[in-house]
Amino acid sequence: MQDSFVHKGKRKILINYLQEKIGIGDQNVLKAMNTVPRHLFLESIFEDFAYEDRAFPILAKQTISHPSTVAEQTELLELSAKEKVLEIGTGCGYQTAVLVTMGALVYTVERQKDLYEFSTRKLREMHLRPSFQSFGDGFAGLPSFAPFDKILVTCGAEVLPTQLLHQLKVGGRMVIPLGKTEEQILTRFTKRSEKEFEKEEFGAYKFVPMLSSTNR
Ligand code: SAH
């Protein structure tokens, strides 16, 4: 698969939709999503639909998030270039690619071996290299690389992984879908001091579950 004028045209239409209909205002998010070829992360049978606001199956019974969800989560991070971001749930690597394109130093963790291998290969091919890519259980975070400016969890957590909050800098933000039901509430924590967090909620979404341990 290539990145043709047709793909680029469809991507532009998606970006207009994200801006006009979803209300994404962060120009850096829109610019990055206009650059990263989402279709290259999908199986070729989905190529024609890659720029619709849809989720698709990826390896290991997981899903790539809707473009609107990727845009909203990324916007909530309020990301600046050169910030250190911990991403939990690399999946196929699309969200990782958006973060790297925005100039973030990305540390990403995936618990499914197949997806860890797929995303490593894909991101290398596309020359969109995160600072560190890990096969492991994201509940533990990456303490040896902490603290992080931002943490993004791309799977739905039943309980708040408090270890991750410890790995945030003061002033840092974590965006995480939280909830025990089919739908999770997109939640943002801002670390005000070592002990104080501000919590904000941004509506219901459906994510694949955050699971413990790893799967080879
Ligand atoms: N951002 C990804 C979304 C993938 S779906 C993309 O663009 O494709 C969420 C991912 O989180 C899945 O790949 C799932 O395997 C992973 N995941 C679930 N629990 C995890 C955990 N404890 N640690 C790391 N990854 C986890």
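Residues numbered from 1 in each chain as written. Predicted model: local features only at pLDDT ≥ 70, side-chain atom pairs only at ≥ 80, totals over all residues.

What counts here: UniProt positions are given in the numbering used here, feature names are shortened, and annotations may be inferred rather than shown by experiment.
Per an unreviewed UniProt entry, the recorded name for the protein is Protein-L-isoaspartate O-methyltransferase, and the organism is Marnyiella aurantia. Note on the protein: under the UniProt heading Sequence similarities (unreviewed entry), the record states "Belongs to the methyltransferase superfamily. L-isoaspartyl/D-aspartyl protein methyltransferase family." Quoted verbatim from the Subcellular location (unreviewed entry) field of the UniProt record, the comment on the protein reads "Cytoplasm".

A short note on the packing of helix H1 (residues 5-22) against helix H2 (residues 27-35)
Applicable threshold: Under this scheme, a helix contributes an axis fitted over its contacting stretch, all axes are lines through C-alpha atoms, and angles between N-to-C directions fall in the 0 to 180 degree range. Per the convention used, a helix needs a DSSP run of H or I reaching at least four residues, while a strand needs a run of E reaching at least two, with both numbered from the N terminus. Orientation is classified from the angle alone, with under 35 degrees giving roughly parallel, over 145 giving roughly antiparallel, 65 to 115 giving roughly perpendicular, and any other angle giving oblique. Crossing handedness is read from the near helix: turned anticlockwise from the far helix by less than a right angle, it gives a left-handed crossing, and turned clockwise, a right-handed one. Residues are defined as contacting one another if the C-beta atoms placed from their backbone atoms lie within 7 Å. We call Asp, Glu, Lys and Arg charged. Ala, Val, Leu, Ile, Met, Phe, Trp, Tyr, Cys and Pro are nonpolar, and the rest, Gly among them, are polar.
Following both chains from N to C, one finds H1 and H2 inclined at 155°, their axes separated by 9 Å at the closest point. In terms of axis orientation, H1 runs roughly antiparallel to H2. The two elements H1 and H2 meet at a crossing, and its hand is right-handed. Contacts from Arg11, Lys12, Ile15, Leu18 and Gln19 of H1 reach H2 at Leu30, Met33 and Asn34. Grouping the constituent residues of the contact of H1 with H2 by class yields four nonpolar, two polar and two charged.

Comments concerning the site of the ligand
Heads up, the rule is: Any residue qualifies as near a molecule or strand once its backbone-derived C-beta atom lies within 6 Å of it.
Gly89, Gly91, Gln95, Gly138 and Cys155 are the nearest of the 25 residues found near the ligand. Among the residues making up the shell around the ligand, the classes are represented as twelve nonpolar, ten polar and three charged.

A closer look at the pairing of strand E8 (residues 184-191)
Just so we agree on the cut-off: A pair of strands counts as paired when DSSP detects no fewer than two bridges linking them.
One ladder, built from six bridges, connects strand E7 (residues 168-178) with E8; its direction is antiparallel. The residue bridging valine 175 from the neighbouring strand is arginine 188, located in E8. The hairpin formed by E7 and E8 contains five residues between the paired strands, and glycine 179 there has a positive phi angle of roughly 155°.

Side note on helix H4 (residues 94-101)
Put simply, the rule is: With C-beta atoms placed from the backbone, a residue is buried if 20 or more other C-beta atoms are within 10 Å of its own, exposed if 12 or fewer are, and partly exposed between those counts.
Within H4, seven of the eight residues are buried, which leaves the element mostly enclosed by the surrounding structure. Those residues of H4 that sit buried are Tyr94, Gln95, Thr96, Ala97, Val98, Leu99 and Val100. Where H4 is buried, its residues contact H2, strand E2 (63-64), helix H3 (67-77), strand E3 (84-88), strand E4 (105-110) and helix H5 (113-125). Immediately downstream of H4, the backbone of glycine 103 shows phi near 90°, a positive value.

Some points on the sheet that holds E8
Taken together, the seven strands give an open sheet; going across it, the order is E5-E4-E3-E6-E7-E8-E9, and neighbouring strands pair in mixed fashion. Unpaired on one side and paired on the other, strand E5 (132-135) and strand E9 (197-205) mark the two borders of the sheet. Taken pair by pair, the neighbouring strands of this sheet meet at an average axis angle of 10°, ignoring direction. Both E4 and E5 contribute to a ladder of four bridges, which runs parallel. When the bridges of E5 are listed, threonine 108 appears paired with glutamine 133. Across the face of the sheet, H3 comes into contact with strand E6 (148-153), E7, E8 and E9 while running at roughly 160° to E7.

Description of unusual backbone geometry
Only a minority of non-glycine residues have a phi that is not negative, and only a minority of peptide bonds are not trans. For the peptide bond that leads from alanine 146 to proline 147, omega is 5°, which places it in the cis range. You can see proline 147 is positioned in the loop between E5 and E6. Non-glycine residue lysine 61 carries a positive phi angle of around 60°. With respect to the helices, strands and loops of the structure, lysine 61 is situated in the loop between strand E1 (56-57) and E2.

Things to note about the nonpolar core
Convention followed: In plain words, the nonpolar core is the set of buried Ala, Val, Leu, Ile, Met, Phe, Trp, Tyr and Cys residues that C-beta atoms within 7 Å link up.
Membership of the largest hydrophobic core comes to 52 residues, with the highest contact counts inside it found for Met33, Val85, Tyr94, Val98, Ile151 and Val153. In contact with methionine 33, other than residues within four places in its own chain, are Ile15, Leu18, Pro67, Ala71 and Val98.

Structural notes on the packing of H1 against H3
How two helices pack is summed up by the angle between their axes together with the distance between the axes. Contact geometry for H1 and H3: axes closest at 11 Å, N-to-C directions at 65°. In this structure, H1 crosses over H3, and the sense of that crossing is right-handed. Contacts from Leu14, Leu18 and Ile22 in H1 reach Pro67, Ser68, Ala71 and Glu72 in H3. Taken together, the residues of the contact of H1 with H3 break down into five nonpolar, one polar and one charged.

Considering H1
Filter applied, for reference: To estimate how far a helix should reach, multiply one less than its number of residues by 1.5 Å. Directions pointing from the helix axis toward each C-beta atom define the arc.
Here H1 spans 24 Å end to end across 18 residues, near enough to the 26 Å set by a 1.5 Å rise per residue. Buried within H1 we find Arg11, Leu14, Ile15 and Leu18. One side of H1 carries all its buried residues, which in axial view fall inside an arc of 100°. In H1, those exposed residues whose orientation departs by more than 90 degrees from the buried face are Phe5, Gly9, Lys12, Ile13, Asn16, Glu20 and Lys21.

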